[in-house]
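Below are the chains, spelled out letter by letter.
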Amino acid sequence: MQDVGAGGATLHGQVIAAFGRQYLVKTDGGGQFACFPRGKKSDVACGDRVAFARTGDDQGVIESVDPRSSLFLRSAAHRQKLIAANVSQLAVILAAEPSFSEELINRCLIAAEFQSMNAFIVLNKCDLAESAKSALARLVPYRQAGYRIIELSALQDAGRLLPLLARQSTVLVGQSGMGKSTIINALLPEARIATREISLFLASGRHTTTNARLYRLDADSTLIDCPGLQEFGLHHLARQDIVHGFVEFRAYSGQCRFQNCRHLSEPGCALALAAKNGAIHPQRLEMFRRISLAEAGRNG
Ligand SMILES: Nc1nc2c(ncn2[C@@H]2O[C@H](COP(=O)(O)OP(=O)(O)OP(=O)(O)O)[C@@H](O)[C@H]2O)c(=O)[nH]1
Ligand SMILES: [Mg+2]
Ligand SMILES: [Zn+2]
């Protein structure tokens, strides 16, 4: 194989799985190496392109990370969790059952907007017709905001996602049990095998995904499967970034009575007026206020 350099040679590849501080790197020639980052800090994400020094037959040490086109991450006060690098779009995976958190949806969308990523929503398990109907009703504010909502049943046919995934690098996120891995397995039968291999490797018979993993759909399209999310901190964002994360609010920029309006309860707030007359969905403004107070409250 072309890419297998002599001992100590520098190789290049893409991180296709992240297990804590260990990364599986695939070279363009197809070789796979278990790599550790050099030093203590580990700021490498699934999807990253890296240069690494080969330290063994199938091992290496990551020397550097190439500049990224995007970095999808969540953060709390003192830590960041890198989710996926070099992704062009976000697919928020929801399901008819179990119930999903709307705050989580909004937080994921804000993080994607911050990285200028495209985003859309998938409502999975639509074979459960009754629950799908009420779930869909909860998604009206997002449709109104302009997000595409794809209804499907991964158990029946996930193929309708394919046109949206072509020539994109897509990260699938959502709460545990929504069906992210089932969707990927439906699109890529060989993913099932990879998942099983990883489960064996980690000696866990569980369904649930424990590590981020990149799958190649074709030469120009990739998918990243992630462990289920319970929370999504946005500590790395300023108040303005959170406002910007609500795409349909942008048309009202600069129209509030006060230039420093926080869109909470100030008089003459253009967003409050737009929500009142239905031009923006009141639930989105409510979500903005909740998240903004929780995250950007620290900035005054
Ligand atoms: N009825 C129905 N069940 C589904 C569908 N898709 C997935 N499931 C089931 O939902 C459960 C969870 O699916 P997973 O694909 O493991 O969910 P996940 O989002 O990857 O979960 P985590 O890895 O824990 O984050 C499994 O039992 C699936 O069989 C669907 O379209 N319809
Ligand atoms: Mg999974
Ligand atoms: Zn305002």
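Treat the numbers as computed from the prediction; the structure is a model and nothing was measured. (Residues numbered from 1 in each chain as written. Chains lettered and ligands numbered in written order. Predicted model: local features only at pLDDT ≥ 70, side-chain atom pairs only at ≥ 80, totals over all residues. Heavy atoms only, no water.)

A. Structural context of the coordination of the zinc ion (ligand 3). Surrounding the zinc ion (ligand 3) are the protein donor atoms Cys256 (SG), Cys261 (SG), His263 (ND1) and Cys269 (SG), at 2.1 to 2.4 Å. Geometry at the zinc ion (ligand 3) is tetrahedral, judged from the 4 donor atoms that bind it and their angles of 102 to 115 degrees at the metal. Of note, the donors binding the zinc ion (ligand 3) are all from one chain and are spaced C-x4-C-x1-H-x5-C. We classify His263 as buried; its relative accessible area is 11%. (Donors = N, O, S within 2.8 Å, 3.2 Å for Na, K, Ca; no water. Tetrahedral: all angles 85-135°; square planar, octahedral: opposite > 155°, others 65-115°. Buried < 20%, exposed > 50% of the residue type's maximum accessible area, 1.4 Å probe, protein only.)

B. Main features of the coordination of the magnesium ion (ligand 2). Protein-derived coordination of the magnesium ion (ligand 2) comes from Ser181 (OG) and Thr209 (OG1), at a distance range of 1.9 to 2.1 Å. In this pair, Ser181 sits in helix α5 (residues 180-187) while Thr209 sits in the loop between α6 (189-201) and β12 (212-218), placing the two residues 28 residues apart along the sequence. (Helix = DSSP H or I, 4+ residues; strand = E, 2+ residues; numbered from the N terminus.)

C. Geometry of the side chain of Ser181. With relative accessibility at 17%, the residue Ser181 sits in the buried group. Beyond its immediate chain neighbours, meaning those up to four positions away, Ser181 contacts Thr209 and Asp225. (Contact = heavy atoms within 4.5 Å.)

D. A look at the site of ligand 1. Every one of the 20 residues lining ligand 1 counts as a neighbour, but Asp127, Ser176, Thr182, Thr208 and Thr209 are closest to it. One of the side-chain nitrogen or oxygen atoms of Lys125 is found 3.0 Å away from an oxygen atom of ligand 1. Between Ala154 and ligand 1, the recorded distance is 2.9 Å, taken from a backbone N or O atom to an oxygen atom. Contact with the protein chains removes 83% of the 650 Å² of surface that ligand 1 exposes when unbound. Element by element, the count of residues in the shell around ligand 1 is highest for α5, at 3 residues. Broken down by class, the residue content of the shell around ligand 1 amounts to 5 nonpolar, 12 polar and 3 charged. (Near = heavy atom within 4 Å. Polar contact = N/O pair within 3.5 Å; in protein donor to acceptor, adjacent residues only side chain to side chain. Areas by Shrake-Rupley, 256 points an atom, 1.4 Å probe, with all protein chains shown as cover. Nonpolar A, V, L, I, M, F, W, Y, C, P; charged D, E, K, R; others polar.)

E. Fine view of the pattern of salt bridges. This model, assessed by the stated rule, comprises 10 salt bridges. Across the salt bridge formed by Arg107 and Glu295, the nearest N and O atoms sit 2.6 Å from each other. Of this pair, Arg107 sits in helix α1 (residues 102-114) while Glu295 sits in helix α9 (residues 282-296), and the two are 188 residues apart along the sequence. For the residue pair Arg107 and Glu295, the accessibility class agrees, reading buried in each case. Here Arg250 makes a salt bridge to Glu113, at a shortest N to O gap of 3.1 Å. Pair noted here: Arg250 is in the loop between α7 (239-244) and α8 (270-276) and Glu113 is in helix α1, with a separation of 137 residues, a long-range link. When salt bridges with common partners are traced through the structure, they connect Glu103, Arg107, Arg290 and Glu295 into a single cluster. (Salt bridge = Lys/Arg side-chain N within 4 Å of Asp/Glu carboxyl O.)

F. α5, seen in detail. Summarising burial for α5: 6 of the 8 residues are buried, a large majority. When α5 is considered as a whole, its buried residues turn out to be Lys180, Ser181, Ile183, Ile184, Asn185 and Leu187.

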